[in-house]
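Descriptive analysis of the structure
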Amino acid sequence: MVLSLKELSSEELYAPGHRLCAGCGPSISARMALKGSRGPLVVSNATGCIEVSTTVFPYTAWRVPWVHSLFENAAATATGMEAGFKALTKKGLPNKHIDVIALGGDGGTFDIGLQALSGALERGQDFVYICYDNEAYMNTGIQRSGGTPLGAATTTSPAGKKIPGKQEYKKDLLGICIAHNIKYAATASIGFPNDYITKVRKGIEVEGPAMIHVLAPCPLGWRSEPSNTIKLAKLAVQTTIFPLYEVENGKYKLTMKIKNPIPVEEYLKLQGRFSHLFRPEFKNVLEAIRQGAKERWERILGLCGESS
Amino acid sequence: MVLHTVKKVYYPSKVPPFAPQVVPYQGEGVTVRRQEVVGYNGDEAVALAVKQSKVDVVAAYPITPQTIIVERFSEYVADGEVDTEFVCLESEHSAASASIGASLTGARVFTATASQGLALMHEVLYTASGLRCPIVMAVANRALSAPLNIHNDRSDMMGSRDCGWIQIYAENSQEAYDWTIQAFKIAENTTVQLPVTVNFDGFVISHAMETINTLADEDVTGFLPSRKPIFTIDPEHPVTVGSLFLQEYYFEIKRQQEEALQKSAEVVDQVAKEYCALSGREYGILETCGMEDAEAAILCMGSTAGTARSVMRKMRAEGKKVGLIKLWLYRPFPVEEIISALGNVKALAIMDMALSFGAPVGALCSDIATILQLRGNNLKIFDVIYGLGGRDIRPAEIEGIFNEALSVAQTGIVKESVKYVGVRE
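Residues numbered from 1 in each chain as written. Chains lettered and ligands numbered in written order. Predicted model: local features only at pLDDT ≥ 70, side-chain atom pairs only at ≥ 80, totals over all residues. Heavy atoms only, no water.

Here's the deal with the sheet that holds strand β14 (residues 329-331) of chain B
Residue and element names in this part refer to chain B. Taken in spatial order, the 7 strands of this open sheet run β4-β3-β5-β6-β8-β7-β14, and their pairing is mixed. With partners counted over all chains shown, the strands left at the sheet margins are β4 (85-88) and β14, one partner each. Here the strands of the sheet are splayed against their neighbours by 20° on average, with no regard to which way each runs. As paired strands, strand β7 (residues 166-169) and strand β8 (residues 196-201) are joined by 4 bridges and run parallel to one another. Within β8, the residue paired with Gln 167 across the bridge is Thr 197. Together, β3 (57-60) and β5 (109-113) form the strand contacts of helix α3 (residues 92-104), whose direction differs from that of β5 by roughly 165°. (Pairing = 2+ DSSP bridges. Helix = DSSP H or I, 4+ residues; strand = E, 2+ residues; numbered from the N terminus. Axes fitted to C-alpha atoms, helices over the stretch in contact; angles between N-to-C directions. Contact = heavy atoms within 4.5 Å.)

Considering the pattern of salt bridges
Enumeration over the complete set of coordinates arrives at 44 salt bridges over all chains. Between Arg 273 of chain A and Glu 135 of chain A there is a salt bridge; the shortest N-O distance is 2.6 Å. Of this pair, Arg 273 of chain A sits in the loop between α10 (264-268) and α11 (283-303) while Glu 135 of chain A sits in the loop between β4 (128-133) and α6 (173-178), and the two are 138 residues apart along the sequence. In terms of burial, Arg 273 of chain A and Glu 135 of chain A fall into one category: buried. Salt-bridge contacts for Arg 154 of chain B lead to Asp 201 of chain B; the nearest nitrogen and oxygen are separated by 2.9 Å. Here the residue Arg 154 of chain B occupies a position in the loop between β6 (136-141) and α5 (155-159), and Asp 201 of chain B occupies one in strand β8, the gap between them amounting to 47 residues. Asp 201 of chain B carries the same exposure label as Arg 154 of chain B, and that label is buried. Taken together, the shared-partner salt bridges in this structure form one network comprising Glu 171, Glu 175, Glu 287, Arg 309 and Lys 326 of chain B. (Salt bridge = Lys/Arg side-chain N within 4 Å of Asp/Glu carboxyl O. Buried < 20%, exposed > 50% of the residue type's maximum accessible area, 1.4 Å probe, protein only.)

Section: the nonpolar core
Judged by nonpolar contacts, the single largest core of 161 residues is most densely connected at Trp 62, Ile 130 and Met 211 of chain A. In terms of residues, this core owes the most to one element, helix α3 (residues 74-90) of chain A, which gives 9 residues. Two domains share this core, each providing at least three of its residues, namely domain 1 (27-279) and domain 2 (286-421) of chain B. For Trp 62 of chain A, the contacting residues outside a window of four places in its chain are Leu 13, Tyr 14, Ala 30, Leu 34, Val 43, Asn 45, Ile 50, Thr 54, Thr 55 and Leu 103 of chain A together with Thr 240 of chain B. Counting residues in hydrophobic clusters, the runner-up holds 53 residues, among them Ala 45, Val 58, Ala 183 and Val 196 of chain B. (Core = buried A, V, L, I, M, F, W, Y, C linked by side-chain atoms within 4.5 Å. Domains from an automatic or database assignment.)

Some details on the packing of aromatic side chains
In total, this model carries 18 aromatic pairs over all chains according to the counting rule given. Ring geometry for Tyr 14 of chain A against Trp 62 of chain A: centres 5.2 Å apart, planes inclined by 75°, an arrangement best described as edge-to-face. Separated by 48 residues along the polypeptide, Tyr 14 of chain A in the segment before α1 (25-35) and Trp 62 of chain A in the loop between α2 (49-54) and β2 (66-68) bring together distant segments of the chain. Across the pair, exposure class does not vary: Tyr 14 of chain A and Trp 62 of chain A are buried alike. Taking 6.2 Å as the distance between ring centres and 10° as the angle between the ring planes, the aromatic pair formed by Tyr 245 of chain A and Tyr 252 of chain A counts as stacked. Among the aromatic side chains, those forming a connected cluster through ring pairs are Trp 179, Phe 223, Tyr 275, Tyr 283 and Trp 328 of chain B. Stacked on the ring of Trp 222 of chain A, the Lys or Arg Arg 273 of chain A has its end atom at 4.0 Å from the ring centre. (Phe/Tyr/Trp six-rings, centres within 6.5 Å; stacked < 30°, edge-to-face > 60°. Lys NZ or Arg CZ within 6 Å of the ring centre and 35° of its normal.)

Comments concerning the pairing of strand β6 (residues 210-215) of chain A
Residue and element names in this part refer to chain A. Most of β6 is tucked away: 6 of the 6 residues are buried. In β6, alternate side chains face the same way, and those of Ala 210, Ile 212 and Val 214 on one face and Met 211, His 213 and Leu 215 on the other are all buried. Relative to β6, β4 runs parallel, the two sharing 6 bridges. Paired with Tyr 132 across the bridge in β6 is Val 214. Sheet analysis places strand β5 (residues 184-189) next to β6, joined by 6 bridges and oriented parallel. Paired with Ala 186 across the strands is Ile 212, a residue of β6. Crossover connection from β5 via helix α7 (residues 193-205) to parallel β6: handedness right-handed. (Right-handed = clockwise from strand over helix to strand, strands pointing away.)

Details of the interface of chain B and chain A
At the interface, 40 residues of chain B touch 41 residues of chain A. Here chain B meets chain A over a buried area of about 3,100 Å², counting both sides, of which 63% is carbon and sulfur. Seen at the junction of chain B and chain A, the total is 4 salt bridges. In this structure, Asp 56 of chain B and Lys 91 of chain A form a salt bridge, with 2.8 Å as the shortest nitrogen-oxygen distance. Counting the contacts that link chain B with chain A gives 16 residue pairs in polar contact (both at pLDDT 80 or more). Put simply, the parts of the chain that give the side of chain B that touches chain A at least two residues each are β4, α3, α4 (115-130) and β10 (240-241) of chain B. In terms of residue count, α3 of chain B provides more of the side of chain B that touches chain A than any other element does, 8 residues in total. As paired elements, β2 of chain A and β10 of chain B share 2 bridges and run parallel to each other. When the sheet's bridge partners are listed, Val 67 of chain A is paired in β10 of chain B with Val 241 of chain B. (Buried area = accessible area lost by both parts, 1.4 Å probe. Polar contact = N/O pair within 3.5 Å; in protein donor to acceptor, adjacent residues only side chain to side chain.)

This is the structure we're talking about:
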């Protein structure tokens, strides 16, 4: 299933005029996600860039019911919404199904919100959790998170004379979610809107929890040109750094085949957060990034029954 | 200033027999509904109250000594006795968060916790009141770690007392049952729209079997119809809830919230009157005993009041003019009612079942000292810290506190402004 342009909601449920940066990937991810909606829906949004910049009182960018409660509880708040609607439906109110979407950044999902997310997945809550991953705590000023990749410089993993940025690989968030045996889980990138929006719709249509992990570049934190946001979102996939795949009822499927991967340097060199890696003394980190991407890609290919 | 209902309890020389089948009510022209007498502990009594209140969503997470509530309730669910969506969350933080999500759909929501669970919920408590979610939460008060202790004191709720929730303290299982039903009506009143905690002492009430009078299901339904929310997260009328309020707006929101909380005392009072007409049991803001002519008195909350009242009987029989004030409502703090209830008393002992580390006195005493100072009242007071980690407070100790208060009343001298009772030193 791929949603055609005609099938997308023509309504702009996510209004322009909010205060997110030019070239903001997460903002694009939110607008696209709502394009995949199939009917009445509510949003539970974790604290983060999207939350603070789209709802500066008395303004709001949301033309759907939207709730922000706290940082780590988007999945738990969504759980309550679903339970509330279910209970009221028994009484005839509301008289139609309402979809529940939870939104959280990588900090709110990989780190502080992981427990609430895991609980909601295990309980089989009927909702879609979308993690918009810009690979650091951008809202508080670019601090490293469990989603920050190896070698990236952030304000708490700076590129120093001895330590070249973050020392650890990115956490395999989707792997953790898949381990809950949920019916639908997928990675996506805002560089490939049809693929992403289709996955959001699939997630909505699944009865039970669905997880979408969408890569959403942040020009401020990645120190990249705002005009390069979509290009970077594509390159992450085309270099095999961020494979696009989905798991439907336990079956893995590669949703974007990459015949001739572009060298990872093409992706890294457009981002200031990786610029230190091109110094000769940190060549080994560059190699480790390359190696890490290769191993992940081959593992995913194997799971999807594809050969390289 | 309007004073709200203050219940006066008399001190008969003999303890009455067990609770009668139909509770007598002295009010004129009121027929109290017939009630069934059952033997329930506090937790079971609350679970029954939640069932009869036709709660839409129960968000549960186990913690001693609250757990029996969610266990009993899950049996009601398993037996098909309720339509409630019963969700077992993976932490108290998430239980409170789910309560917010459910409450915003317009559902009637209940959760329960104690001790560490309440501490883990701390930030969510402020969100629930800030978003004006009329959630009802039972708190079986328990000590906070470290060192670990599962028994009763009120460190948990006292540590979160500024969270913007209406806070009620019940003396026994009967009160825990009655206040839980009333709490929904208070919380969901559209002029209030605030969450309520019904506190009762862990184990002392939560696990102690007592005879309680229970209303018929239809009588509770009559008293407490379905929730009529003023707004919900309805896709046909989208609202944005929990926005970012910067310097220009935040202060006003908090000021409005405070006003709603302060005014909620009127609703507590009104609901208590309606409930009295139904049940025959008088509730209100606070209860006094012997304050008409008392020279010295104790002010306390929760189960301690029962012991204090029985000690009073003995001391009154000996001709000692002692009195008792029991607060039901702790937040909003009933300033006028307390000042009025003090009457001509010359010394007051305040019972704090929680430490406020490093503070001059315990939290309850601090509130009392503040209101006395604000009114230019020179009443002699002293604080009693007692009962930490489930240490029993015994009649002889209460008698000692009354005698100390009488001595302060006679001499006008407070020897110890903070008195630790029941601790080995």
